[in-house]
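# Results of the structural survey
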Amino acid sequence: MNGKRCVGTVAVAAAAVLTMTGPAGAEPSGTTYGTSTSVGVHNAYDKEKYPYFADALDSGAALLELDLWTNGLGRSWRVSHANPLGNNNNCEGAANASQLRTKDRNQDFAGCLADMKAWHDAHPGHRPILLKVEMKDGFNAKGGRGPAEFDALVRQKLGDAVYGPGDLTAGHATLDEAVRSRGWPARADLAGKFLFELIPGTVEEKNPFDKLWTDVEYAGHLKNLAAQGKLAQSTAFPAVHGAAAGDPRQRYADRTLRPWFVVFDGDAATYLNGSIDTAWYDTRHYLLIMTDAHNVPPVIDATHPTEAQALARVGQLASAHASFATADWYPLPSVLKTVVPRGA
C-alpha cells in the first residue's frame, strides 16, 4: 500500500488521535516503539523555543533535536545552529535536578547530556525520548571527536539510561536482522530510556571535500564493534537521510553497512507525494521519521497551527506509517504528548 492518503481522511485521523491519546503521557495499549507514532520538536536546544533544555524535556515531546559541531577550528562538541566555533543553546550542565534552570546556558554537548541525566533522575520511568543529533559538519576523529568518543561521552553522562544498538540486537547479528525478526520493544519496556539517532549535517552534505559522512562513518563503527563483540559500547542508531523510493540503503556501495540502518529520516511532504511506499518501512519494523510535518499539503503553520490542525496532521502521518512527525510545534504541549498506533 502506498503511503499517500486522501486529504478527506484528515478529519477522521484527527478524531482518532483525540480518542487514542488519552491522559497526558499515557501510552496506547499494546503498542511497541515500532508500532506507534509520536511527535518531535525541531532544534529543541533553541532558547527562543525553550528557555532551558529541561523545558524541552518537560514538554512531552518524544523526539528532541540537537545540532553538533566538531570541526578542528573549535573545541569540544559544540551545540549551535549556525555558530561552528561556539555554543548557543539552552543547555546548562546541571549536576542534579535542583540545578536545572539555575545555571548559565550555552554549554557544550556534555552540558546537554548532564541536563538529561539530572532530569532523568528526577523523572523515573519517563517516556522514551529519541535525541536526534545532526552532526552539522560531521565527525572529527582526528580531533578526538569521532564515533568512539561520542559513545564514551554519552555513556559517561547517561550510563544505562541509554537504549543502544547492543540492546536491540541482543542475540542477532545486525540491527536489520533484529528488528525484522522481533521488532522493537514495547514502549513500556523503554520507560526511562533515551535513544540517539545520528544524521549527516547540512554543512557536511554540502562539503565537496568530506568523503566520509556521519551515516557511513557510524555504521562502519557499529559493524566493527559487532565484529569485536563490543556492540554494547555503542549508543546511537545511524539514519539514512533523505526521503527516497525503494530501499534507500542501496546508496551505500559497501553492502555490509546496509544491515546497520533501521532508522530512516526525511521530508514528510516527499514521503507522502505518492512516489514512495511508506508501508515498506512499517512492515519491516524500521523507524521512519517524517520532518517538516506542516509542509504536507494542505500546508499548515510551521509553529502555531491550531491544535486540531496539528493533531489531524499527526494522524495523517501516522496513517502513512510515520514513526515520528516533527515540526516546530513547541507551543502545543498537548500535541507533543500525542502517541497513536502507527499505520492505523
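Residues numbered from 1 in each chain as written. Predicted model: local features only at pLDDT ≥ 70, side-chain atom pairs only at ≥ 80, totals over all residues. Heavy atoms only, no water.

Identification of the protein chain as Lipoprotein from Streptomyces auratus AGR0001 is taken from an unreviewed UniProt entry.

## Digging into the pairing of strand 4 (residues 129-135)
Counting buried positions along strand 4 yields seven of seven residues, so the element is predominantly enclosed. Here strand 4 shows a buried face lined by I129, L131, V133 and M135 and a second buried face lined by L130, K132 and E134. Bridge count for strand 2 (residues 63-69) against strand 4 is six bridges, and the pairing is parallel. Paired with L63 across the strands is L130, a residue of strand 4. Sheet topology note: the strand 4/strand 5 (residues 194-200) ladder contains seven bridges and is parallel. (Buried < 20%, exposed > 50% of the residue type's maximum accessible area, 1.4 Å probe, protein only. Helix = DSSP H or I, 4+ residues; strand = E, 2+ residues; numbered from the N terminus. Pairing = 2+ DSSP bridges.)

## With respect to the confidence of the model for the protein chain
Of the residues in the protein chain, 92% reach a pLDDT of 70 or more, and the chain-wide mean stands at 92. Here residues 1-25 scores under 50 on pLDDT; set against residues more than four positions off or in separate chains, the count is 41 contacts. (pLDDT = per-residue confidence, 0-100. Contact = heavy atoms within 4.5 Å.)

## With respect to the packing of aromatic side chains
Per the counting criterion, the structure on display carries 18 aromatic pairs. Both rings, one in Y33 and one in W184, keep their centres 6.0 Å apart while their planes meet at 55 degrees; by these two values the pair is tilted. Taken as a pair, Y33 in the loop between helix 1 (10-21) and strand 1 (36-41) and W184 in the loop between helix 6 (175-182) and strand 5 lie far apart in primary sequence, 151 residues in all. Taken together, the ring pairs in this structure connect W77, F109, F139, F150, F196 and Y218 into an aromatic cluster. The ring of Y52 carries R105 above its face, with NZ or CZ at 5.3 Å from the centroid. (Phe/Tyr/Trp six-rings, centres within 6.5 Å; stacked < 30°, edge-to-face > 60°. Lys NZ or Arg CZ within 6 Å of the ring centre and 35° of its normal.)

## Structural notes on the packing of helix 4 (residues 147-158) against helix 8 (residues 214-227)
At their nearest, the axes of helix 4 and helix 8 sit 10 Å apart, and the two run at 75 degrees to each other. Considered as vectors, helix 4 and helix 8 are oriented roughly perpendicular to each other. Across the interface between the two elements, P147, A148 and D151 of helix 4 pack against E217, Y218, H221 and L225 of helix 8. Grouping the amino acids of the contact of helix 4 with helix 8 by side-chain chemistry returns four nonpolar, one polar and two charged. (Axes fitted to C-alpha atoms, helices over the stretch in contact; angles between N-to-C directions. Parallel < 35°, antiparallel > 145°, perpendicular 65-115°, else oblique. Nonpolar A, V, L, I, M, F, W, Y, C, P; charged D, E, K, R; others polar.)

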